[in-house]
Amino acid sequence: MILQTGQRTDIPAFYGQWLINRINEGFVDVRNSYNPNLITRYMINHKTVDGIAFCTKNPLPFIQYLPQIAEYRQYWHMTITPYGTDIEPYVPAYEHIIEGFKFISNNLNPQSVVWRYDPIIVNHNYSVDFHYESFYKFAKSLSGYTDTVVASYLDIYDKVLRNFPEGKRPPKDVQIRLMKNLVDIANQFGMTLKTCGEGDTFKSIGADTSGCLTIDCYERAWNIKLKVPKKRPARPECNCYLHGDIGAYDTCSHFCRYCYANTNQHAVRINRNNHDPQSSLLIGHINPNDTIKISSASKYNIPIQNSLFDP
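## Here we look at the pattern of salt bridges
- In total, this model carries 12 salt bridges according to the counting rule given.
- The closest approach of N and O atoms between Asp29 and Arg41, which form a salt bridge, is 2.7 Å. Of this pair, Asp29 sits in strand E2 (residues 27–31) while Arg41 is found in strand E3 (residues 38–43), placing the two residues 12 residues apart along the sequence.
- Each of Asp155, Arg169 and Glu198 takes part in a single network of salt bridges with overlapping partners.

This is the structure we're talking about:
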């Protein structure tokens with residue numbers, strides 16, 4: 001299976017030691033978001049895990065642990081955006097994140113690290129021209145360290161609407177004009193621009209709308225073939241292949257205004273206080289009335305035959 005770490009929180013930024021403990025012990029427990037007494041246990045070993053997928057705004061705290069997961073294939077999505085503390089209060093300066101991005105790329109390969117420039121927010125502080133200039137600057141810095149950038153506009157989920165009521169998607173004509181320029185800049189620096197959760201809206205202007213976490217992405221990064229069970233996409237406009245995520249909602253302390261995974265800062269602080277790096281769960285511990293279900297997920301990897309004469 002592909003061990004997902006980043007759809008609900010930022011594990012590299014805040015819970016690196018916990019993840020290493022889980023890998024060393026060989027399993028991780030995940031509490032069901034809708035049935036809190038149901039826990040799924042994923043085994044972590046080379047017989048079951050094809051690779052680990054990360055999604056982070058700050059890889060720097062996790063760099064110290066990279067030698068401990070070097071034997072596992074990795075696929076990183078790293079968000080680097082130009083916003084200030086009015087939008088991303090506790091995300092480190094982008095200059096530092098870019099250096100962390102380069103370090104991880106040098107340890108893996110450019111196909112295994114993806115730059116995310118999303119969500120794109122257009123307002124009086126962050127104009128279209130501001131995004132052109134910022135995207136160009138970041139793309140130039142990351143040229144040669146990745147060949148993929150993911151961009152999308154703000155999605156107005158319920159939590160986003162509650163925590164960021166002034167957040168809006170720009171008019172459609174602005175969306176198309178801005179995205180077309182970002183596609184051109186990405187191409188200039190040897191990158192393919194993919195969109196996330198936008199359907200085929202921007203396909204006609206040169207964006208790759210096939211999905212940003214597809215099986216093809218993993219196969220290309222890891223030079224393997226994966227035979228995976230069929231799964232329904234998380235959203236109709238999303239083609240990504242997402243397995244069970246080991247994170248938990250209301251646990252990310254970046255406190256980005258546009259976050260879809262946090263209810264509010266109070267809920268996050270309560271959960272952070274209940275985090276134990278030694279626990280099998282990200283938050284809290286196993287209770288007597290919990291039911292643990294062992295995941296049947298197994299390895300998807302199948303050997304590649306390089307020629308007709310290979311065994």
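## Quick word on the side chain of Arg116
- By the secondary structure assignment, Arg116 is in strand E6 (residues 113–120).
- Within the local environment of Arg116, its side chain forms a polar contact with the side chain of Asp118, the two groups lying 2.8 Å apart.

## Structural notes on the nonpolar core
- Ranked by size, the top nonpolar core spans 76 residues in total, and within it Phe62, Trp115, Phe135, Leu193, Tyr218 and Ile246 carry the most contacts.
- The leading source of residues in this core is helix H6 (residues 172–188), at 7 residues.
- Setting aside chain neighbours within four positions, we find Tyr218 in contact with Ile2, Gln4, Ala53, Tyr75, Leu213, Asn223, Leu226 and Tyr241.
- Ranked by size, the runner-up nonpolar core spans 10 residues in total, among them Tyr83, Tyr126, Phe164 and Cys256.

## What to know about the sheet that holds strand E10 (residues 291–294)
- Pairing is mixed across the open sheet formed by 3 strands, whose spatial order is E2-E3-E10. Looking at which strands have only one partner, the edges of the open sheet turn out to be E2 and E10. In this sheet, adjacent strand axes meet at a mean angle of 30 degrees when their direction is disregarded.
- In this sheet, E10 lies alongside E3 in parallel orientation, the contact comprising 4 bridges. What sits directly across from Ile39, in E10, is Ile292.

## Quick notes on the packing of helix H4 (residues 128–142) against H6
- For the pair H4 and H6, the least separation of the axes is 10 Å and the interaxial angle reads 20 degrees. On the basis of the axis angle, H4 is roughly parallel to H6. The two elements H4 and H6 meet at a crossing, and its hand is right-handed. On the side of H4, the interface is formed by Val128, His131, Tyr132, Phe135, Tyr136 and Ala139, while H6 contributes Val174, Arg177, Leu178, Asn181, Leu182, Ile185, Ala186 and Gln188.
- Tallied by class, residues from the contact of H4 with H6 come to 10 nonpolar, 3 polar and 1 charged.

## A closer look at the pairing of strand E7 (residues 148–153)
- With 6 of its 6 residues buried, E7 lies for the most part within the structure.
- Side chains Thr148, Val150 and Ser152 of E7 all project onto a buried face; the interleaved residues Val149, Ala151 and Tyr153 project onto the opposite face, where all are buried too.
- Pairing of E6 with E7, which is carried by 4 bridges, proceeds in the parallel orientation. Looking across to E7, one finds that Tyr117 is bridged to Ala151.
- Between the parallel pair E6 and E7, the chain is carried across by H4, and the sense of this crossover is right-handed.
- Looking at chain direction, E7 and strand E8 (residues 192–195) are connected through 4 bridges and run parallel.

Criteria and cut-off values
Residues numbered from 1 in each chain as written. Predicted model: local features only at pLDDT ≥ 70, side-chain atom pairs only at ≥ 80, totals over all residues. Heavy atoms only, no water. Salt bridge = Lys/Arg side-chain N within 4 Å of Asp/Glu carboxyl O. Helix = DSSP H or I, 4+ residues; strand = E, 2+ residues; numbered from the N terminus. Polar contact = N/O pair within 3.5 Å; in protein donor to acceptor, adjacent residues only side chain to side chain. Core = buried A, V, L, I, M, F, W, Y, C linked by side-chain atoms within 4.5 Å. Buried < 20%, exposed > 50% of the residue type's maximum accessible area, 1.4 Å probe, protein only. Contact = heavy atoms within 4.5 Å. Pairing = 2+ DSSP bridges. Axes fitted to C-alpha atoms, helices over the stretch in contact; angles between N-to-C directions. Parallel < 35°, antiparallel > 145°, perpendicular 65-115°, else oblique. Left-handed = near helix turned anticlockwise from the far one by under 90°. Nonpolar A, V, L, I, M, F, W, Y, C, P; charged D, E, K, R; others polar. Right-handed = clockwise from strand over helix to strand, strands pointing away.

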